[in-house]
Amino acid sequence: CLPANQERLSDGKLSTVQFHPSAQVILTAGLDRCVSLFQVDGIRNPKIQSIYLESFPIHKACFSADGEQVIATGTHHKMFYVYDMMGGSIIPVHQVRGMEERFVKDFEVSPDGSLMLLTGTSGYLHLLSMKTKELISTMKANGRCTASAFTPDSSKIYTYSKEGEVFIWDVKSRKCLHRFEDEGSLGGKCIAVSRNNQYVACGSTSGVVNLYTTNVCLREKNPKPVKAIMNLVTAATSVTFNPTTEILAVASNGTDEAVKLV
């Protein structure tokens, strides 16, 4: 296939590549302060548009669940941007009231489109309303949170700590339902829940990705992985399931071409 972004290659490292939830569109964003959208036809992949955010190297960009907004956070900023694709407007969110964070970087959008989870420092997790971008509640885990994932029905959140512990939160009550140790983990890096809610994958600094069944995770303090994937030799920085839960992609940004499909 042709490069998806061949009509506008980035001047800096790309930090995000994401398909639109319903259209044949791909988003790219990165350190050159640009969010670009391309129509993916496999022939020319024409550029739809590029949005330039001045002095704002992008750490992460993501479509909202309905695909009508793009949210972008910076590498060293307290604020974040919301791009309204219908209206074509760029809305800066300067400060979320009640949230004391020096930087806003990592976030997740709930599959039902109602919530946004911002990962703060020292284990703080901030739940925001997607509609108003206002703070609903703050949760606190032990240690530092490095990755989070919503369950497909948006009822629970899995957060992975730097110490290799996984916390499972109930979204409605904002209480921690359970926590478990990721076997042999020296430090959590990334986490994913499969779309059929059958599996949880945890990737650590050693490059090992452990695959668990969700019912065991909810029950046991030291669950045994169904499979430990040892193919990566540098830290696993990305894990994701395909929509039918038949393939798990594991990747590391520590070396070139370190992508494995399991």
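Thresholds applied
- Residues numbered from 1 in each chain as written.
- Predicted model: local features only at pLDDT ≥ 70, side-chain atom pairs only at ≥ 80, totals over all residues.
- Heavy atoms only, no water.
- Helix = DSSP H or I, 4+ residues; strand = E, 2+ residues; numbered from the N terminus.
- Rg over C-alpha atoms; globule rule 2.2 N^0.38 Å.
- Buried < 20%, exposed > 50% of the residue type's maximum accessible area, 1.4 Å probe, protein only.
- Contact = heavy atoms within 4.5 Å.
- Areas by Shrake-Rupley, 256 points an atom, 1.4 Å probe, with all protein chains shown as cover.
- Polar contact = N/O pair within 3.5 Å; in protein donor to acceptor, adjacent residues only side chain to side chain.
- UniProt positions renumbered as here; feature names shortened; annotations may be inferred.
- Pairing = 2+ DSSP bridges.
- Axes fitted to C-alpha atoms, helices over the stretch in contact; angles between N-to-C directions.
- Patch = residues over 30% accessible without salt bridge, like charges linked within 9 Å, V, L, I, M, F, W, Y side chains within 5 Å.
- Salt bridge = Lys/Arg side-chain N within 4 Å of Asp/Glu carboxyl O.
- Lys, Arg positive; Asp, Glu negative; His and termini not counted.

Talk me through the overall build of the chain; I want residue IDs and the actual numbers.
Scanning the chain from terminus to terminus reveals one helix and 23 strands. The C-alpha atoms of the chain give a radius of gyration of 18 Å, which matches the 18 Å a tight globule of 262 residues would have. On the principal axes, the C-alpha backbone points of the chain span a range of 50 × 45 × 30 Å. Every one of the 262 residues in the chain was classed for burial, and the buried ones make up 47%. Sequence-distant contacts in the chain: of pairs separated by 6 or more residues, those separated by 24 or more amount to 41%. Of the roughly 13,100 Å² that the chain leaves accessible, carbon and sulfur atoms contribute 50%.

Can you tell me about the environment of Tyr160, naming the residues and giving the values?
With respect to the helices and strands, Tyr160 occurs in strand 14 (residues 156-161). Taking the C-alpha atoms as reference, Tyr160 lies 8.8 Å from Ala149; in sequence the two are 11 residues apart. Reaching out from Tyr160, the side chain makes a polar contact with the side chain of Ser185 at a distance of 3.1 Å.

Residue-level account of the UniProt feature "repeat: WD" (unreviewed entry) in the chain, with values.
Per the UniProt annotation, the sites labelled "repeat: WD" (unreviewed entry) are residues 149-179. Segment residues 149-179 splits into 0% helix and 58% strand. End C-alpha atoms: 14 Å apart.

So what's going on with the sheet that holds strand 15 (residues 165-170)? Residues and values would help.
Here we have four strands laid out as an open sheet, ordered 13-14-15-16, and antiparallel in their pairing. Whereas interior strands pair on both sides, the edge strands pair on one side only; in this sheet they are strand 13 (145-150) and strand 16 (176-181). In this sheet, neighbouring strand axes are inclined to one another by 20° on average, regardless of whether the strands run parallel or antiparallel.

Give me a nonpolar patch on the surface: which residues, what numbers.
On the surface, Ile247, Val259 and Leu261 cluster together to form a nonpolar patch covering roughly 300 Å² of accessible area. Take Leu261: it is sitting in strand 23 (residues 259-261).

Account for the side chain of Glu101, with residues named and values stated.
By the element assignment, Glu101 lies in the loop between strand 8 (89-93) and strand 9 (107-109). Within the buried set, Glu101 has no salt-bridge partner at all; the shortest N-O distance to an opposite charge, 8.5 Å, is to Arg102. Side chain to side chain, Glu101 and Thr121 meet in a polar contact 2.9 Å long. Within the structure, the side chain of Glu101 is placed 2.9 Å from the side chain of His126, a separation counted as a polar contact. Look past the residues within four positions of Glu101 in its chain and what remains in contact with it is Lys78, Gly120, Thr121, Tyr124 and His126.

Outline the sheet that holds strand 6 (residues 69-74), supporting the account with residue identities and numerical values.
Taken in spatial order, the four strands make up an open sheet running 5-6-7-8, and their pairing is antiparallel. Because the sheet does not close on itself, it has two edges, and the strands there are strand 5 (58-63) and strand 8. Going across the sheet, the axis of each strand differs from the next one's by a mean of 20°, ignoring polarity. Taken together, the five bridges between strand 6 and strand 7 (residues 80-84) define a ladder with antiparallel strand orientation. Considered in strand 7, the bridge of Gln69 is made with Asp84.

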